[in-house]
Amino acid sequence: MESGHAVVARNIRLLRQQRGLSLAELARQSGLAKQTLSKLEQSNGNPTVDTLFSIATALGVPVTRLVAEREQIVAVQRANDVVWQRHDSHEVRLLDHVYGSGVIENYLMRIHPVPEGGGGVPELHPAGTLEHLYVIVGSVRVGPVDSPIELREGDFARYAGDRPHRYESLSGESLVHIVVSVPRVQPGTGVMGTQHGGGLRRRMGESWAPAEEHEQAEDS
């Protein structure tokens, strides 16, 4: 497990690069010194709560995204445990929040049963991508390959789309709604949109190739 400083350093650097920001630009937007941010990204700083909130505000994320380990991104909401908020003519159930800028892709996916051991692993999305999945009909096994989540009708889960994940129906054909939040691509790293969502539209069982990860050169 990473140290607290290492987690903060990695998260700040990843979120900054996803938004195509240099250290100087993030410093300007957060009102902090560039040297302070540089030390934080090198795990040498000891940020105060105020510093973390300033950085989170500039990056457009809740402060918890700066201090959370990647494993903490997975979240499950069971249909029987949710609270519906009543209004005059309707009720509302909050599934999740999507923070930051980028592309939000919406899908309805029909997941067909496959022979045991069959199926495939979808291509990986760019770093920082999250998938938000709601089960409309059926029951499924989805999420991280090494720790999949079983969901039934009305259940919801969020998990990382930039790590190996799977879709498997457990009850005939299942129907799910997926929202894929893709962070803004760094300048010069390629095309967004359908290129990243293509894995959801391919037939289950095809061969999949991880998307190439790109890194942006640091501005001096």
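Residues numbered from 1 in each chain as written. Predicted model: local features only at pLDDT ≥ 70, side-chain atom pairs only at ≥ 80, totals over all residues. Heavy atoms only, no water.

Caption draft 1: Focus on the environment of Arg 93. Following the sequence through the fold, Arg 93 ends up in the loop between strand E3 (91-92) and strand E4 (102-111). Arg 93 gets classed as buried once you look at its relative accessible area, which sits at 13%. Setting aside chain neighbours within four positions, we find Arg 93 in contact with Gln 77, Ala 79, Val 82, Val 83, Trp 84, Tyr 134, Gly 154, Asp 155 and Phe 156. Side-chain polar atoms of Arg 93 contact the side chain of Gln 77, separated by 2.8 Å. At a separation of 2.8 Å, a polar atom in the side chain of Arg 93 contacts the main-chain carbonyl oxygen of Gly 154. (Helix = DSSP H or I, 4+ residues; strand = E, 2+ residues; numbered from the N terminus. Buried < 20%, exposed > 50% of the residue type's maximum accessible area, 1.4 Å probe, protein only. Contact = heavy atoms within 4.5 Å. Polar contact = N/O pair within 3.5 Å; in protein donor to acceptor, adjacent residues only side chain to side chain.)

Caption draft 2: Here's a closer look at the sheet that holds strand E9 (residues 165-169). Read from one edge to the other, the open sheet built from three strands follows the order E7-E6-E9, with strand pairing classed as antiparallel. Only two strands of the sheet have a single partner each, and these edge strands are strand E7 (149-152) and E9. Mean inter-strand twist for the sheet, computed between neighbouring axes without regard to direction, equals 20 degrees. Taken together, the four bridges between strand E6 (residues 139-144) and E7 define a ladder with antiparallel strand orientation. Following the sheet pairing, Ser 139 is matched in E7 by Arg 152. (Pairing = 2+ DSSP bridges. Axes fitted to C-alpha atoms, helices over the stretch in contact; angles between N-to-C directions.)

Caption draft 3: Focus on a nonpolar patch on the surface. Nonpolar side chains collect at one region of the surface, where Leu 108, Ile 136 and Val 137 lie side by side and expose about 260 Å² of accessible area between them. Within the element layout of this structure, Ile 136 appears in strand E5 (residues 130-137). The exposure class assigned to Ile 136 is partly exposed, which follows from its relative accessible area of 33%. (Patch = residues over 30% accessible without salt bridge, like charges linked within 9 Å, V, L, I, M, F, W, Y side chains within 5 Å. Areas by Shrake-Rupley, 256 points an atom, 1.4 Å probe, with all protein chains shown as cover. Salt bridge = Lys/Arg side-chain N within 4 Å of Asp/Glu carboxyl O.)

Caption draft 4: Structural context of the packing of helix H2 (residues 23-30) against helix H4 (residues 49-59). It is at 8 Å that the axes of H2 and H4 come closest, and there the two elements cross at 110 degrees. Overall, the two elements H2 and H4 adopt an arrangement that is roughly perpendicular. Residues Leu 26, Gln 29 and Ser 30 of H2 form the contact with H4, whose own contacting residues are Ser 54, Ile 55, Ala 58 and Leu 59. Here the residues of the contact of H2 with H4 sort into four nonpolar, three polar and no charged. (Parallel < 35°, antiparallel > 145°, perpendicular 65-115°, else oblique. Nonpolar A, V, L, I, M, F, W, Y, C, P; charged D, E, K, R; others polar.)

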